[in-house]
Amino acid sequence: NAGVTQTPKFQVLKTGQSMTLQCAQDMNHNSMYWYRQDPGMGLRLIYYSASEGTTDKGEVPNGYNVSRLNKREFSLRLESAAPSQTSVYFCASSEGGAPRWETQYFGPGTRLLVL
Amino acid sequence: GNSVTQMEGPVTLSEEAFLTINCTYTATGYPSLFWYVQYPGEGLQLLLKATKADDKGSNKGFEATYRKETTSFHLEKGSVQVSDSAVYFCALWGAGNMLTFGGGTRLMVKP
């Protein structure tokens, strides 16, 4: 099993450009998450999806949109990138679909630089 | 709201030294507490957890005890190895139904 995979690994954008970060999991998990990691701030939740067809805002959703394409895939879109969105983005998944704690499995991350 | 505070790094130790990484939290109610580890170039992995006061989580020689009276969950290991070099994150799950992470502490172990 590959676990959680993310593409691309690294991306450079100019301010105002758009892009989509892709995430896929092969563990048949119901829940998927997008986090951003900034120096000294740990990870912060952007959006999550408790099941196919549902999405909810996390702590820092502004400037992002998400799509739960199917059970396996959860994409994060930046419509008009800003330098403040320079960060490392992590996708994660977990087994259940209810809002309770359970082990989350993380992908290797996408490093995004917005100039 | 919920918050997690960790000691700033990097923490540099020699192999076989004793490790402590401090973690304190602020939360309403009775959160569950976790340590995650991020090895170079990889995503985060759950290292250990504790779900109620006085619980001790342990894994791979690491331990942490949930201390409600001091709102702390310090990570300890008796003898670190070079392979333990990584970034360690303390986190909690509480009201709001999401994980709140600390800023991370980088550990560097020298042979």
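In this text the structure is predicted, and so the values were computed from the model without any measurement.

Q: Sorry, what's going on with the overall build of chain A here?
A: Helix and strand counts for chain A come out as zero helices and eleven strands. In terms of overall size, chain A behaves like a compact globule, its C-alpha atoms giving a radius of gyration of 13 Å where 115 residues would be expected to give roughly 13 Å. Taken along the three principal axes of its C-alpha coordinates, chain A extends 40 × 30 × 25 Å. Across the 115 residues of chain A, 50% fall into the buried class. For chain A, the computed accessible surface area is about 5400 Å², with 48% contributed by carbon and sulfur atoms. Here chain A contributes 11 positive and 9 negative side-chain charges, whose respective centroids are spaced 7 Å apart.

Q: Even after reading the chapter, I still don't get unusual backbone geometry, so can you show me in this structure?
A: Excluding glycine, most residues fall at negative phi; most peptide bonds, likewise, are trans. Residues A:Thr7 and A:Pro8 are joined by a peptide bond in cis, for which omega reads -5 degrees. If you trace the backbone, A:Pro8 turns up in the loop between β1 (4-7) and β2 (10-13). For the peptide bond that leads from B:Gly9 to B:Pro10, omega is 0 degrees, which places it in the cis range. Along the chain, the position of B:Pro10 falls in the loop between β1 (3-6) and β2 (11-14). Here B:Asp54, not a glycine, exhibits a phi torsion of approximately 75 degrees, which is positive. Along the polypeptide, B:Asp54 turns up in the loop between β6 (44-50) and β7 (56-59).

Q: Could you clarify how one ought to interpret a nonpolar patch on the surface in this entry?
A: A surface patch of nonpolar side chains, amounting to about 360 Å² of accessible area, comprises A:Phe10, A:Val12, A:Leu113 and A:Leu115. Of the residues examined, A:Leu113 reaches a relative accessible area of 32% and is grouped as partly exposed.

Q: Can you walk me through the interface of chain B and chain A in this structure?
A: It is common to give the size of an interface as the accessible area lost on bringing the parts into contact. Contacts between chain B and chain A engage 17 residues on the former and 18 residues on the latter. In total, chain B and chain A occlude about 1500 Å² of area from one another, counting both sides; carbon and sulfur atoms represent 67% of this. Viewed at the interface, chain A and chain B are joined by zero salt bridges. Applying the counting rule to chain B against chain A returns one residue pair in polar contact (both at pLDDT 80 or more). At the level of elements, β5 (32-38), β6, β10 (86-93) and β11 (99-101) of chain B are the ones that each hand at least two residues to the side of chain B that touches chain A.

The rules behind each value
- Every chain is numbered on its own, with residues counted from 1 as its sequence reads.
- Whichever chain is written first becomes A and whichever ligand is written first becomes 1, with later ones labelled in order.
- Selection of residues for local features in this predicted model requires a pLDDT of at least 70, selection of side-chain atom pairs for listing and counting requires 80 or more, and totals for whole chains, interfaces and linings are taken over all residues.
- Hydrogens and waters are ignored; side-chain quantities use all the structure's heavy atoms.
- Helix numbering and strand numbering both begin at the N terminus, where a helix is a DSSP run of H or I of at least 4 residues and a strand a DSSP run of E of at least 2.
- Computation of the radius of gyration draws on C-alpha atoms alone. For the globule rule, the value is 2.2 Å times the number of residues to the power 0.38.
- The cut-offs for exposure are 20% and 50% of the maximum accessible area for each residue type, with area from a 1.4 Å probe on protein chains only; residues under the lower value are buried, those over the upper are exposed, and the others partly exposed.
- Note that accessible areas follow from Shrake-Rupley with a 1.4 Å probe, and for residues the cover is restricted to the protein chains shown.
- Here the positive residues are Lys and Arg and the negative ones are Asp and Glu; neither His nor the chain ends is included.
- Charged groups are reduced to one reference atom each: NZ for lysine, CZ for arginine, CG for aspartic acid, CD for glutamic acid.
- Surface patches are drawn from residues lacking salt bridges whose relative accessible area is over 30%; two like charges belong together within 9 Å, two nonpolar side chains (Val, Leu, Ile, Met, Phe, Trp, Tyr) within 5 Å.
- For this document, the term salt bridge refers to a Lys or Arg side-chain nitrogen within 4 Å of an Asp or Glu carboxyl oxygen.
- Contact definition: two residues touch when any of their heavy atoms are within 4.5 Å.
- Accessible surface is computed with a 1.4 Å probe, and the buried area is the amount of it that two parts give up when combined, taken over both parts together.
- Under the rule applied, a polar contact is a pair of N or O atoms within 3.5 Å (in protein, one hydrogen donor and one hydrogen acceptor; residues adjacent in sequence only if both atoms are side-chain atoms).

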